[in-house]
Amino acid sequence: MDLLALADFNLVARHGGFGRAARATGRPKATLSRRVVDLESSLGLRLLERGARVLKLTQEGQALYERTSALLAEVDETAAALASGGATARGRLRISAPTLFSQAAMGKLAGGFALAYPDVRLEVTAEDRAVDMVEEGYDLVIRVNPDPDENLVGRIFLRDRLVVVAHPGLRAPTRGKTAPAVVYGPGADKAEWSIIKGARTTTLTVEPVLRLTSLLMVRDAVRAGAGVARLPISLVSHDVDRGRLALWGKVDEPEVALWALYPSRRLLSARVLAFLDYLKSAFPNGTPEELAAHLAGD
């Protein structure tokens, strides 16, 4: 059954004629008439008795009107309620975020967002894998330097950069020597790191003494004096400022970018827009210094 034709039939029945329904709704009289005829043809029933001046519902037409008018009114009310609620952030919001960002920053962000938007039920999963947003039901994902994906769009909301740090008691190696290193994840037994310090770029040869699967563990091991490490400046800037860690230089690599990704720019839900706006308010310039202040609770 054509719901549009059924809705037009209800208009005509409620207003008592094609002319009255057309004047009340601004719809063309000919369109209403054609739709009702199409409905009668599809049902194989005569719904209206058309007199010269009077239009009456047949018995079948009266029964159809009585049974569908309340249903169509409920559909209209539901659509109106959804439309009016579209501007209000509410419902479940599922986010996938990198493990480090989740552990270091997301708890504070999630708590503030929950207070600002009490009608949103925020769920955050900490994981570093590339999730399938649609298949796994995520509304938004946060990723570090993601590969291009034609099915996703998004925006950078934070930038960070890698630096080389060590315990203040650890001396830089002399030429031809290696430095003990705490490294993140698997890798070679020895490695060369290109470091920028001032206007100079130097090469540091390191030999891993610890391999850890968390950058927070790497930082803590470096604090304990186990070796030198490459870490985000946002994670160690306060330790450097307070003398707990020594800055050996910047890693000669591009900046790290954190992206908020979603399937489409069109018709983003109010809850996704609200979270994007909240990220922008938390990191208005998207700098490593803002992230460091956030991590430190400033």
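Small disclaimer: the values here were computed from a predicted structure and weren't measured.

When its secondary structure is counted, the chain shows ten helices and 13 strands. Taking the principal axes of its C-alpha atoms as reference, the chain extends roughly 105 × 35 × 30 Å. Looking at the chain residue by residue over its 298 residues, the buried ones come to 37%. Pairs at least 24 apart in sequence give 72% of the contacts found in the chain among residues at least 6 apart. Element-wise, carbon and sulfur atoms account for 51% of the exposed surface of the chain, whose accessible area totals about 17200 Å². Charged side chains in the chain number 39 positive and 35 negative. The centres of these two groups are separated by 4 Å.

Residue Asn145 is not a glycine yet carries a positive backbone phi of 45°. With respect to the helices, strands and loops of the structure, Asn145 is situated in the loop between strand 5 (140–144) and strand 6 (153–160).

With 13 residues, helix 9 (residues 270–282) ought to run about 18 Å at 1.5 Å a step, and its terminal C-alpha atoms sit 18 Å apart, in line with that. The inward-facing, buried residues of helix 9 abut strand 3 (91–97), helix 5 (99–116), strand 4 (120–126), strand 5, strand 6 and strand 13 (256–262).

Here the largest pocket is characterised by a volume of approximately 750 Å³. If you go around the largest pocket, you meet 33 residues; those closest to its centre are Pro98, Thr99, Asp128, Arg143 and Val144. Those elements that provide at least two residues to the lining of the largest pocket are helix 5, strand 5, helix 8 (233–241), strand 13 and helix 10 (288–296). Counting residues per element, the lining of the largest pocket draws most heavily on helix 5, which supplies six residues. Residue composition of the lining of the largest pocket, by class: 21 nonpolar, six polar and six charged. Lining of the second largest pocket is provided by 14 residues; of these, Ala172, Pro173, Thr202, Thr203 and Leu204 occupy positions nearest its centre. At the level of elements, strand 9 (191–197) and strand 10 (200–212) are the ones that each hand at least two residues to the lining of the second largest pocket. Broken down by element, the lining of the second largest pocket gets its largest block of residues, five residues, from strand 10.

Looking now at the sheet that holds strand 12 (residues 246–251). If you walk across this open sheet you meet the six strands as 8-10-9-12-7-11, and the pairing is mixed. In this open sheet, the two edge strands, each paired with only one partner strand, are strand 8 (179–184) and strand 11 (229–232). If you compare each strand with its neighbour and ignore which way they point, the axes differ by 55° on average. In this sheet, strand 10 lies alongside strand 8 in parallel orientation, the contact comprising six bridges. Following the sheet pairing, Ala179 is matched in strand 10 by Val206.

Let us now look at the nonpolar core. Ranked by internal contacts, the top residues of the largest apolar core, which has 25 residues, are Phe101, Met106, Leu140, Ile142, Phe157 and Phe275. Those elements giving two or more residues to this core turn out to be strand 3, helix 5, strand 5, strand 6, strand 13 and helix 9. Non-local contacts of Leu140, meaning those with residues more than four positions away in its chain, are made with Arg94, Ile95, Ser96, Met133, Ala260, Leu261, Tyr262, Val272, Phe275 and Leu276. In terms of nonpolar packing, the next biggest core, distinct from the first, is built from 17 residues, Ala21, Val36, Leu47 and Leu72 among them.

Right, let's talk about the sheet that holds strand 4 for a bit. Strands sit in the order 4-3-5-13-6 across an open sheet of five strands; the sheet is mixed. Of all strands in the sheet, those with a lone pairing partner are strand 4 and strand 6, marking the two edges. Adjacent strand axes in the sheet meet at a mean angle of 20°, parallel and antiparallel pairs treated alike. Pairing of strand 3 with strand 5 involves two bridges; the strand directions are parallel. If you follow Ser96 over to strand 5, its bridge partner there is Val141. In the packing of helix 5 onto the sheet, the strands contacted are strand 3, strand 4, strand 5, strand 6 and strand 13, and the crossing angle to strand 4 comes to about 170°.

The rules behind the values
- Residues numbered from 1 in each chain as written.
- Predicted model: local features only at pLDDT ≥ 70, side-chain atom pairs only at ≥ 80, totals over all residues.
- Heavy atoms only, no water.
- Helix = DSSP H or I, 4+ residues; strand = E, 2+ residues; numbered from the N terminus.
- Buried < 20%, exposed > 50% of the residue type's maximum accessible area, 1.4 Å probe, protein only.
- Contact = heavy atoms within 4.5 Å.
- Areas by Shrake-Rupley, 256 points an atom, 1.4 Å probe, with all protein chains shown as cover.
- Lys, Arg positive; Asp, Glu negative; His and termini not counted.
- Charge placed at Lys NZ, Arg CZ, Asp CG, Glu CD.
- Expected span 1.5 Å × (residues − 1).
- 1 Å grid on protein atoms, 1.4 Å probe; cavity = no way out; pocket = protein on both sides within 12 Å on 5 of 7 lines; lining within 4 Å.
- Points joined across faces, edges and corners; volume = space filled by probe spheres on them.
- Nonpolar A, V, L, I, M, F, W, Y, C, P; charged D, E, K, R; others polar.
- Pairing = 2+ DSSP bridges.
- Axes fitted to C-alpha atoms, helices over the stretch in contact; angles between N-to-C directions.
- Core = buried A, V, L, I, M, F, W, Y, C linked by side-chain atoms within 4.5 Å.

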